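Fold and contact review
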Amino acid sequence: MMDLGPADWQAIYLTLKLCFFTTVILLIIATPLAWWLSSGRSRWRVAVQAIVALPLVLPPTVLGFYLLMALGPRGFVGSSLESMGFNHLAFSFEGILFASVLYSMPFAVQPLLEAFNNLGRRPIEVSASLGAGVIDRFFSVTLPLCKGGFIVAATLSFAHTVGEFGVILMLGGSIPGETKVLSVLIYDHAEAMNYQAAHQLSLMLLVFSFLVLFVVYSMSRRFYTVKL
Amino acid sequence: MSNETLRIKVRVPRGDFTLDVDTQWPLTGVTALFGRSGCGKTTLLRIIAGLEKVNAGRVSFAGADWQTAEMFLPIEKRRVGLVFQEASLLPHLSVTGNLLYGFKRTPEVLRRLQPDAVINMLGLENLLDRRVEQLSGGQAQRVALGRALLSSPQLLLLDEPLAALDTQTKREIMPFLSRLSRDSNVPIVLITHSPEEVQRLADRVVFMRDGVIDDICDLQQAMSRPDSPLFADEGPASVLTGPLSEADAQGVRRFGVEQAQLFVQTTSIAVSSDSPVTVTRLRVLARDVSVALDDPSRISIRNHLRVVIREIHELPDNRLLLSTTLADGQCLLIEITRWSAQQLNLQTGQEVWALIKSVALVQ
């Protein structure tokens, strides 16, 4: 039954690429953000936490719509980019990458926040008193002690980006090789009454998602996202 | 003078409580921050360490600014050793990994203590290959002390390092702590609410109450006040310092100068043989001392000292506290009943014999 055409392979490759870059960017952004949320006493903390969690409750179309407005040729970001000689971001890979980062943010921040809260301040204070600077402390204490949190954050970010549909459809459309990811391709197949093809890809995603969740649950008996 | 002191000036309002400190003390020996829970000791220690960044604070160490209105030296640059109530070992590292964490991060020129010496000083030889979670509370705390020492700190900050340990373990660790303060030559700030720890370890006491410092004085002074907060647990006591001789065949050592000599029965555990104790500290509870007008000879109490009564203080329940001085000038407190004082007709200025029933070697 598995006879995937070139369009399918292209979508799979594009999806993996999108998920990979989203995960890398998210870990870079979410780590300091979660650290700030867990240790900061700023009064902006709650507001930032709410903003980060917004994609959980907003319909993806809302996020996609505003991103299209902002990143498109007439939007604030899009027009500034064009005036600097770049392309605007609507209907482009960079655009959906940007959207994915926002959309999966809570899935990266929350496990890290949980891990940092569990870690507490003490190990960091100890290592600082022993002469370790900020970067040194991160790699010699935080990373090894919060390994589980980082793995869960990465896995969930990746998996959640695979499942992204509404935002991409709004912002990216369905351009093969550029924005046509698996979820969009499945939609296209179904629209074209090509149920056999849609079924193949859907089953693949179903099995993949199950495996990811299985791994995450077995890694930590306390599933971090429960507290979202 | 200000070169060899720790200076702190902070004002930290925290709700209905304000830590308001403007003080300095010399950087020698052990300084105990003594006070009840919630009096601000820990906050003060965290400010000294650089763990708490407060506005308008000023901290300087031996003339070097650690914090002023314009600058804040981060903790990793202050070179302070920290030991908390919980050992707080890094669980992903072995005992050796923990011990060497700070050592590896200390530039070679600043290293003053070598791993072998510290491991020996704290008796860690048999623990090196263990995993952190295999250690008992007392062992973990010894590793934490060693880890802090091996970063060759300029100042050692101990935040109730014994409070989480049971009495037995405390007794095991205490000699290590006093040896550390004697042998490592690092000034120590010790937070404690235990009078016993102060009497055993401190050279200087900072009395704190409700966020302010009541008094700073050396231990002798702190223990010469009959109403000293240090007497809250076990009643008035005196701490005597002096040289301790080698043990004779029966395990008896002579303590102090010749005119005021005491005999101390010791076991090998109480005094470690590898570091010969030169100057040590004895603690005598005031209620373990009796007074005689003549030197009695046919009596089982071996320690008779000639003392002069300086002051007589009233205690509750018809008891009196005699503040006396030994031949070498040290202060000895004696607690007797008003009735026996009247029987003997004791007066200030009078010379009497103090009969000391028991002494405890505390260092």
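Source: prediction; values computed, not measured. (Residues numbered from 1 in each chain as written. Chains lettered and ligands numbered in written order. Predicted model: local features only at pLDDT ≥ 70, side-chain atom pairs only at ≥ 80, totals over all residues.)

Some thoughts on the overall build of chain B
Each helix and strand in chain B was counted, giving nine helices and 20 strands. Its C-alpha atoms give chain B a radius of gyration of 22 Å, near enough to 21 Å, the size a compact globule of 363 residues would have. Along the first, second and third principal axes, the C-alpha set of chain B runs to 65 × 50 × 35 Å. When each of the 363 residues of chain B is scored for burial, the buried share is 41%. (Helix = DSSP H or I, 4+ residues; strand = E, 2+ residues; numbered from the N terminus. Rg over C-alpha atoms; globule rule 2.2 N^0.38 Å. Buried ≥ 20, exposed ≤ 12 C-beta atoms within 10 Å, placed from the backbone.)

Concerning the overall build of chain A
A count of helical and extended segments in chain A gives 11 helices and zero strands. Moving toward the C terminus, one meets the helices and strands of chain A in the order α-α-α-α-α-α-α-α-α-α-α. Its C-alpha atoms give chain A principal-axis dimensions of roughly 65 × 45 × 30 Å. Within chain A, buried positions represent 36% of all 228 residues. Intrachain contacts of chain A at a sequence separation of at least 6 include 72% that bridge at least 24 residues. (Contact = placed C-beta atoms within 7 Å.)

Observations regarding the sheet that holds strand β3 (residues 30-34) of chain B
Residue and element names in this part refer to chain B. As summarised here, the arrangement of the six strands in space is β6-β7-β8-β3-β9-β10, forming an open sheet in which the pairing is mixed. With partners counted over all chains shown, the strands left at the sheet margins are β6 (80-83) and β10 (212-218), one partner each. When the angles between neighbouring strand axes are averaged without regard to direction, this sheet yields 15°. In this structure, β6 lies alongside strand β7 (residues 155-159), joined through four bridges in parallel fashion. Each residue of the ladder has a partner; that of Leu82, found in β7, is Leu157. (Pairing = 2+ DSSP bridges. Axes fitted to C-alpha atoms, helices over the stretch in contact; angles between N-to-C directions.)

Details of the environment of Asn117(A)
The residue Asn117(A) is located in helix α5 (residues 93-119) in this model. In sequence terms Asn117(A) and Ser39(A) are 78 residues apart; their C-alpha atoms lie 8.1 Å from each other.

A few points about the environment of Leu155(B)
Of note, Leu155(B) is situated in strand β7. If near-sequence neighbours (up to four positions away) are discounted, Leu155(B) is found in contact with Phe61(B), Val80(B), Val186(B), Pro187(B) and Val189(B).

Concerning the interface of chain B and chain A
Taken together, the contact pairs 16 residues of chain B with 14 residues of chain A. Where the side of chain B that touches chain A is concerned, the elements lending two or more residues are α2 (75-78), β6 and α3 (95-104) of chain B. Ranked by residue count, the leading element in the side of chain B that touches chain A is β6(B), at three residues. Of the residues belonging to the side of chain B that touches chain A, the class tally is seven nonpolar, six polar and three charged. (Nonpolar A, V, L, I, M, F, W, Y, C, P; charged D, E, K, R; others polar.)

Some words on the pairing of strand β9 (residues 204-209) of chain B
All names here are of chain B. Most of β9 sits inside the fold, with five of its six residues counted as buried. As paired strands, β9 and β10 are joined by six bridges and run antiparallel to one another. Counted as the bridge partner of Arg209 is Val212 from β10. Two successive antiparallel strands, β9 and β10, enclose a turn made up of two residues, where Asp210 displays a positive phi of approximately 45°.

Details of the domain arrangement of chain B
Residues and elements named next belong to chain B. Splitting chain B by domain gives domain 1 (2-230) and domain 2 (238-361). Taken together, the contact pairs nine residues of domain 1 with nine residues of domain 2. Counting only elements with at least two residues in the side of domain 1 that touches domain 2, the list comes to α6 (167-183) and α8 (219-222). Element by element, the count of residues in the side of domain 1 that touches domain 2 is highest for α6, at three residues. In terms of residue class, the side of domain 1 that touches domain 2 is made up of four nonpolar, three polar and two charged. (Domains from an automatic or database assignment.)

Considerations on the nonpolar core
Residue and element names in this part refer to chain B. Core analysis: the largest hydrophobic core is formed by 105 residues, its most contacted members being Ala32 and Leu157. No other element matches helix α5 (residues 137-150), which puts seven residues into this core. Lining this core are residues from two domains, each supplying at least three of them: domain 1 (2-230) and domain 2 (238-361). Discounting residues that sit within four places of it in the chain, Leu157 has contacts with Leu45, Ile48, Ala49, Val80, Gly81, Leu82 and Val189. (Core = buried A, V, L, I, M, F, W, Y, C linked by C-beta atoms within 7 Å.)

Describing the confidence of the model for chain B
Residue and element names in this part refer to chain B. Here chain B averages 88 in pLDDT, while 95% of its residues score no lower than 70. Looking across chain B, the model is least confident in strand β20 (residues 360-361), with a mean pLDDT of 78, and most confident in α3, with 95. A low-confidence stretch, residues 269-276 stays under pLDDT 50, and its non-local contacts, those more than four residues away or across chains, total eight contacts. Confidence estimates for the predicted assembly give a pTM of 0.82 and an ipTM of 0.80. (pLDDT = per-residue confidence, 0-100.)

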